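# Geometric and topological summary
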Amino acid sequence: PHSNRRPDEYGGDRAGRLRFPLEVIRAVKAVLPPSVPLLVRVSGVEYLEGGYSLEDMLWYCQALGEAGVTALDVSSGGNSPVKPPTGPGYQVGVAAQIRCHTALPVIASGQLGDPALAQAVVEMGLADLVGIGRGLLQDPHWPWAAARALGREELLFAQSSYLRGLGL
């Protein structure tokens, strides 16, 4: 509502603002093989007065699932100039709230590069997966380092065998 002030059918109320994303999702699903998942990244909250709320996002996520989205990658902040306080796991709470209110798998993000923190988020049921984009940008071998840090070296062998099977 803060940035979409369109007076046509693609603006106005929640349904109008969601019309374009739903049209895109339906068009993609029409040509996407059924075995390929469709993930959508959403900003759980906007941190802006007059912006969308978590309640709005829960409504949006329900509609996205009904349109065929397979999983939600939850971030926060939207397109607002307001910056939330950051720190390790700062967006996990928003992802957890969305996970509690949707049947879709949820990916949490927000400075989850510490393997123990990433593992805890999943083990505690706050998210189904974690996004480790910054961790991978800083260290492209992050998965191997995380397996070692968590004492799960057996995952290194399984992953290496899988990659060799792909010819990589």
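Going by the structure above, here's the rest.
What counts as what
- Each chain carries its own residue numbering, running from 1 in the written order of its sequence.
- Owing to the predicted nature of the model, reporting of local features is limited to residues with pLDDT of at least 70; listing and counting of side-chain atom pairs is limited to 80 or more, with chain, interface and lining totals taken over all residues.
- Note that water and hydrogens are dropped before the side-chain values are worked out from all heavy atoms of the structure.
- We define the nonpolar core as a collection of buried residues of types Ala, Val, Leu, Ile, Met, Phe, Trp, Tyr and Cys that are connected through side-chain atoms lying within 4.5 Å of one another.
- Throughout this description, buried means an accessible area under 20% of the type-specific maximum (1.4 Å probe, protein chains only), exposed means over 50%, and partly exposed covers the range between.
- Secondary structure follows DSSP: runs of H or I at least 4 residues long count as helices, runs of E at least 2 residues long count as strands, and numbering of each begins at the N terminus.
- Contacts were defined at the residue level, with two residues in contact if any of their heavy atoms lie within 4.5 Å.
- One fewer than the residue count of a helix, multiplied by 1.5 Å, yields its expected span.
- What is called the bend at a residue is the angle between a pair of axes, fitted to the seven residues leading up to and ending at it and to the seven starting from it.
- Ring pairs are drawn from Phe, Tyr and Trp, using the six-membered ring of Trp, whenever the two centres fall within 6.5 Å, and their geometry is named by plane angle: stacked under 30 degrees, edge-to-face over 60, tilted for the rest.
- Salt bridges are identified by distance alone: a Lys or Arg side-chain nitrogen within 4 Å of an Asp or Glu carboxyl oxygen.
- The pairing criterion for strands is at least two bridges between them, as found by DSSP.
- Angles shown run from 0 to 180 degrees and are taken between the N-to-C directions of axes, each axis being a line fitted to C-alpha atoms and, for helices, limited to the stretch in contact.
- The crossing is said to be left-handed when, going from far helix to near helix, the turn is anticlockwise and less than a right angle, and right-handed when the turn is clockwise.
- Residue polarity follows a fixed list, in which Ala, Val, Leu, Ile, Met, Phe, Trp, Tyr, Cys and Pro are nonpolar, Asp, Glu, Lys and Arg are charged, and the others, Gly among them, are polar.
- The handedness of a crossover follows from its direction of travel: if, with the strands pointing away from the viewer, the path from the first strand over the helix to the second runs clockwise, the crossover is right-handed.

On to the nonpolar core, then. If you look at the biggest cluster of nonpolar residues, it comprises 28 residues, and the most contacted ones within it are Val 42, Leu 64, Leu 72, Val 74 and Ile 98. Of all elements in the fold, only helix H1 (14–31), strand S1 (39–43), helix H2 (54–66), strand S2 (71–75), helix H3 (92–100) and strand S3 (106–108) reach the threshold of two or more residues within this core. Discounting chain neighbours no more than four positions away, the residues touching Val 42 are Met 57, Cys 61, Leu 64, Leu 72, Asp 73, Val 74 and Ser 75.

Here H1 is 18 residues long and its end C-alpha atoms lie 27 Å apart, about the 26 Å a rise of 1.5 Å per residue gives. At Phe 20, H1 shows its largest bend, some 35 degrees, and a proline, Pro 21, comes one to four positions later. Those residues of H1 that fall on the buried side of the exposure criterion are Gly 16, Arg 17, Leu 18, Leu 22 and Ile 25. Residues of H1 that are buried sit in contact with S1 and H2.

One pass over the structure, following the stated rule, counts three aromatic pairs. Pairwise contacts between aromatic rings join Tyr 52, Trp 59 and Tyr 60 into one cluster.

This part is about the pattern of salt bridges. Tallied over the entire structure, the rule returns four salt bridges. Across the pair Asp 56 and Arg 14 runs a salt bridge, and its minimum N-O distance is 3.3 Å. Here the residue Asp 56 occupies a position in helix H2, and Arg 14 occupies one in helix H1, the gap between them amounting to 42 residues. Since its relative accessible area comes to 14%, Asp 56 is described here as buried. The residue Arg 41 makes a salt bridge to Asp 73 at a minimum N-O spacing of 3.2 Å. Taken as a pair, Arg 41 in strand S1 and Asp 73 in strand S2 lie far apart in primary sequence, 32 residues in all. Its relative accessible area of 17% is what places Asp 73 among the buried residues.

Sheet strands associate in pairs through backbone hydrogen bonding, adopting either a parallel or an antiparallel arrangement. Judged by pairing direction, the sheet is parallel, and its four strands sit side by side in the order S1-S2-S3-S4 without closing on themselves. The strands lining the two open edges of the sheet, one partner per strand, are S1 and strand S4 (129–130). As paired elements, S1 and S2 share five bridges and run parallel to each other. Within S2, the residue paired with Arg 41 across the bridge is Asp 73. The sheet strands contacting H2 are S1 and S2, and the helix crosses S1 at an angle near 170 degrees.

Further remarks concern the packing of H1 against H2. The geometry of H1 relative to H2 is characterised by a closest axis approach of 11 Å and an angle of 35 degrees between their N-to-C directions. Where H1 crosses over H2, the handedness of that crossing is right-handed. Contact with H1, carried on its side by Arg 14, Ala 15, Arg 17, Leu 18, Leu 22 and Ile 25, involves Glu 55, Asp 56, Trp 59, Tyr 60, Ala 63 and Leu 64 of H2 and no other residues of that element. For the contact of H1 with H2, the class distribution of residues is eight nonpolar, no polar and four charged.

Moving on, we come to the environment of Ala 149. Looking at where Ala 149 falls in the secondary structure, it is placed in helix H6 (residues 142–149). The spatial distance from the C-alpha of Ala 149 to the C-alpha of Ala 116 is 7.9 Å, given a sequence separation of 33 residues.

Another aspect to go through is the pairing of S2. For S2, the tally of buried residues reaches five of five residues, placing the bulk of the element in the interior. Across the two faces of S2 the burial is the same, with Ala 71, Asp 73 and Ser 75 and Leu 72 and Val 74 all buried. In this fold, the crossover linking S1 to S2 by way of H2 has right-handed handedness. In this structure, S2 lies alongside S3, joined through three bridges in parallel fashion. Within S3, the residue paired with Val 74 across the bridge is Ala 108.

Without other data, these values stay purely geometric and don't point to any function.
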